[in-house]
Amino acid sequence: MMNRFQAEKYPHINLARLVVGEREFHFEGHWIRGKPWDRFGLYNSYVIVRHDDEVCFMPAHAGELVPGSTEDLVAILGQFGSGSLFAPAPMTLELDPTYRCSSRDCGGRCFSSAYRRRSPHATIPSELLREIIIDFATAGGRVVRFDGGGDPLCHFAVRSGELPELCQHLNLKSTLLTSGDLFEHCDLHRLAQADCYVRISLNAASNETRWAFHGNAVPLDRIFAAIRQFADGLARENSPLPIGATFLLDRINFHEVLACAIRARDSGIAHFAVRRVLGPEALRPEFTTKEQSAIGDLLSAVGELSDEDFKVFVPWRDLNDPDVNPANTELYSEHCWQSIFKTVIEPDPATGGFCAQLCGRYRGGGLGQLQQMPPLFSSKDGAGWIDKWRHSFNSYFISRDALPNTCVSCIDRGFIFMMDRLVRFLGDPTKGFSVFHLFSRDNTQNEQAAGSCITRRGRRPDPLSGGLDLVDFGAGAQRDDVYSVEAPGG
Ligand code: SF4
Ligand code: SF4
C-alpha cells in the first residue's frame, strides 16, 4: 500500500499535496512527520486514504493526553470483527488504583471529591491490579493510563514503578496522571526505565498558591526538584520520553500561570497544558470580565513560550463554555465511541474489588455530576474482566448507540466526533487504510460540520468540503517523506 501514493510539501507556501494514483489533492496546511512523540500535539487533522483510494479529511486529536494515539487507533480498528462495532479489548484502560489523594480538593474543583469522600481509602489490591493489566494485554489492549479520582501515586505498586514496568513487559504503553505531591517518593529511575509518560498537575508557581489550591503543604520546590531529577535521568538515558504538566485555571491561581509555565520549562517539562475546569456549574469558577481579559493576556504570553522543546496547549474554547449535552441533541454520533475504545476501572468500595465505568464522566457512578449511571459491571476477577466488558455491549441497560442521546453532560466530544467520521468513512476498517497527519488552520471551521465526513474527490469541489478550496498546483513541488500510519488490509 505504501507505494500507491506520495505526499509532498511545497516550498514557501502552506499547502500540502497528496498524489493517489492518477489524482492529486491539496490541503491548506502542512504535513506533520515523525514518530508519535515527534508528532505529539502538532497535528490537528487526519487525511485518510481508504483501501479503494477514496480520500477523507477530518479534524483529529493530536494525542494531548495519551501518547501514540494514531498507531493505537489503527491497531484496534484492525481488530474490529467483520460488521462488529468493537475490538476484542478496549484501546485504553483508564485505571484508578485508589481513591486516596494527598491533596484535599483542588480549590473545591475536584471532580471526584463527592464519591471519594464516602470511601477515601478505597483501593484495588496490587495482585488484582496485576491481573487486570495482564488480562488487558492478553486481549489486545494498547494503553494503560494510571489515573484518578484519587492520585495513582498513593498506590505503592504505581509509586514503586512496578505496574508501569509490568505494562512495559507486556508491550503496553503507560501514562501516569498525578498531583505531583508524592513524585519525589517514586522510584523515578524505574519509572523512566518503564517508559512511562508522566503528567503532573502543577497549578501554581508559588507555595502559597499551591497550598491554597491543593490544600496541603507540599513545597513546590520539592515537586520541581523531583521533575528536574526525572528529566536529568531521562537525558542521561538518551530517552525521547517527554514529561507533561497541567495547570487548571481557577480564580485563586490563574495569575501564576505564566510564572508556572516558565518554571516548568526550566525544570525539564516538555508539554505544558492549561486546562479549563469541566463539569457541573457548581464545580466551575466564575471569572469576572476583568479576570477573563487578564487570563487572555496571560495565555497569549504562555503561548509565546512554545518552541520545539516546550509545547504549550491553551484552551481554545471559551472558559465558560458548558459541557456538551448529548440528550439535547448536541452530540451527533451514531455510537458513543469513547466507551467503545476506552474504559475506566476503579475501586469498588462495596466489594473490595473493582468496577468498570462507561467513561470518566461516570467515575464513582457519576456522584457529584449531573447524572449517575451504574457501572458496566463489578468484579473481583482480574483475569476475567475483558469477557465481562465484551458482554456489556449486549447486557448493559443502555446500548453504546443510545448513549449519545441519553447522557446530559459529555467531555469527550472531540474523540467521539473524530471516531464517528473515521469509522463511517472506512466502512470496513479491516480492508486497510493509511493515515496522514496534517496541521491545517481550516481545521476548526471543519469541526463545526459535526458528523459529516469531509471528502475530497480529485479536483471536483465536494459539497461537504467545508469551504476548503482544492488548488490545482503545477510543477515545482518538492518531494518530502511524510510519515503515515498504515493499516494493512485483511
Ligand atoms: S489531585 Fe485530583 S483527586 Fe486529588 S484533590 Fe486534586 S483533583 Fe482531586
Ligand atoms: S458522557 Fe459521553 S463519553 Fe460518557 S458515556 Fe455518555 S456519551 Fe459516552
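Residues numbered from 1 in each chain as written. Chains lettered and ligands numbered in written order. Predicted model: local features only at pLDDT ≥ 70, side-chain atom pairs only at ≥ 80, totals over all residues.

What to know about the overall build of the protein
Next up, step 1: Regarding its fold elements, the protein presents 15 helices and 20 strands.
Next up, step 2: Relative to its full complement of 490 residues, the protein shows a buried share of 47%.
Next up, step 3: Intrachain contacts of the protein at a sequence separation of at least 6 include 74% that bridge at least 24 residues. (Helix = DSSP H or I, 4+ residues; strand = E, 2+ residues; numbered from the N terminus. Buried ≥ 20, exposed ≤ 12 C-beta atoms within 10 Å, placed from the backbone. Contact = placed C-beta atoms within 7 Å.)

Overview of the sheet that holds strand 8 (residues 143–146)
Next up, step 1: With respect to topology, 10 strands assemble into an open sheet ordered 13-12-11-10-9-8-7-14-15-16, the strand pairing being mixed. Each edge of the open sheet carries a strand with a single partner, namely strand 13 (311–313) and strand 16 (377–379). Mean inter-strand twist for the sheet, computed between neighbouring axes without regard to direction, equals 20°.
Next up, step 2: Running over the sheet, helix 4 (residues 126–139) touches strand 7 (92–95), strand 8, strand 14 (342–348) and strand 15 (353–357) and is turned about 40° from strand 15. (Pairing = 2+ DSSP bridges. Axes fitted to C-alpha atoms, helices over the stretch in contact; angles between N-to-C directions.)

Some details on the site of ligand 1
Next up, step 1: For ligand 1, the full set of nearby residues is Cys 101, Ser 103, Asp 105, Cys 106, Cys 110, Ser 112, Gly 148, Gly 149, Gly 150, Asp 151, Ser 179 and Ser 201.
Next up, step 2: Taken together, the residues of the shell around ligand 1 break down into three nonpolar, seven polar and two charged. (Near = placed C-beta within 6 Å. Nonpolar A, V, L, I, M, F, W, Y, C, P; charged D, E, K, R; others polar.)

Overview of helix 9 (residues 220–236)
Next up, step 1: Between its first and last C-alpha atoms helix 9 spans 24 Å; for 17 residues at 1.5 Å apiece the expected length is 24 Å, and the two agree.
Next up, step 2: Where helix 9 is concerned, the buried positions are Leu 220, Ile 223, Phe 224, Ile 227, Phe 230, Ala 231 and Leu 234. For helix 9, the angular spread of buried residues about the axis comes to 120°, placing them on one side. Exposed and facing more than 90 degrees away from the buried side of helix 9 are Asp 221 and Arg 236.
Next up, step 3: Contacts made by the buried residues of helix 9 are with helix 7 (188–193), strand 10 (196–201), helix 8 (207–214) and helix 10 (257–266).
Next up, step 4: Phi turns positive one or two residues past the end of helix 9, at Asn 238, with a value near 60°. (Expected span 1.5 Å × (residues − 1). Arc of directions from axis to C-beta.)

As for unusual backbone geometry
Next up, step 1: Here Gly 148 and Gly 149 are connected by a cis peptide whose omega angle stands at 25°.
Next up, step 2: Take Gly 149: it is sitting in the loop between strand 8 and helix 5 (156–159).
Next up, step 3: Although it is not a glycine, Asp 53 sits at a positive phi angle of roughly 75°.
Next up, step 4: Structurally, the position occupied by Asp 53 is in the loop between strand 5 (45–50) and strand 6 (55–59).
Next up, step 5: Overall, Asp 53 belongs to the exposed group, with 12 C-beta atoms counted inside 10 Å.

Some thoughts on the pairing of strand 11 (residues 244–248)
Remark: a regular strand shows side chains that alternate across the two faces of the sheet.
Next up, step 1: Of all five residues in strand 11, five are buried; the element is thus mostly enclosed.
Next up, step 2: On strand 11, burial covers both faces: Gly 244, Thr 246 and Leu 248 on one face and Ala 245 and Phe 247 on the other are all buried.
Next up, step 3: Of the pairings in the sheet, the one linking strand 10 to strand 11 comprises three bridges and is parallel in character. Within strand 11, the residue paired with Ser 201 across the bridge is Thr 246.
Next up, step 4: In this sheet, strand 12 (residues 271–275) lies alongside strand 11 in parallel orientation, the contact comprising five bridges. Residue Ala 245 lies in a different strand from strand 12, and its bridge partner there is Phe 272.

Quick notes on the pairing of strand 15
Next up, step 1: Buried residues dominate strand 15, accounting for four of its five residues.
Next up, step 2: As defined by bridge partners, strand 14 adjoins strand 15 across five bridges and the pair is classed as antiparallel. In the strand pairing of strand 15, Pro 347 is matched with Phe 354.
Next up, step 3: Counting the residues between successive antiparallel strands, the hairpin from strand 14 to strand 15 contains four residues, one of them, Gly 352, with a positive phi of roughly 80°.
Next up, step 4: Bridge analysis of strand 15 against strand 16 gives three bridges, and the strand direction is antiparallel. Counted as the bridge partner of Ala 356 is Phe 377 from strand 16.

Notes on helix 11 (residues 289–304)
Next up, step 1: With 16 residues, helix 11 extends 23 Å from end C-alpha to end C-alpha; this agrees with the ideal 22 Å at 1.5 Å per step.
Next up, step 2: Regarding helix 11, the residues found buried are Ile 295, Leu 298, Leu 299 and Val 302. Axial view of helix 11: buried residues confined to an arc of 105°, hence all on one face. For helix 11, exposure combined with an orientation more than 90 degrees from the buried face picks out Thr 289, Lys 290, Ser 293, Gly 296, Asp 297, Ser 300, Ala 301 and Glu 304.

Re the environment of Gly 78
Next up, step 1: On the secondary structure map, Gly 78 appears in the loop between helix 2 (69–77) and strand 7.
Next up, step 2: In this structure the C-alpha to C-alpha distance between Gly 78 and Ala 487, which are 409 residues apart in sequence, comes to 6.8 Å.

Looking at the nonpolar core
Next up, step 1: Counting residues in hydrophobic clusters, the biggest one holds 124 residues, and the most contacted among them are Val 47, Ile 48, Ile 132 and Val 257.
Next up, step 2: Examining the composition of this core, we find that nine residues originate from one element, helix 14 (residues 413–426), more than from any other.
Next up, step 3: Each of two domains, domain 1 (2–83 + 428–487) and domain 2 (92–328), supplies a minimum of three residues to this core.
Next up, step 4: Ignoring sequence-local partners within four residues, the contact set of Ile 132 consists of Leu 95, Ile 345, Phe 354, Gly 382 and Trp 385. (Core = buried A, V, L, I, M, F, W, Y, C linked by C-beta atoms within 7 Å. Domains from an automatic or database assignment.)

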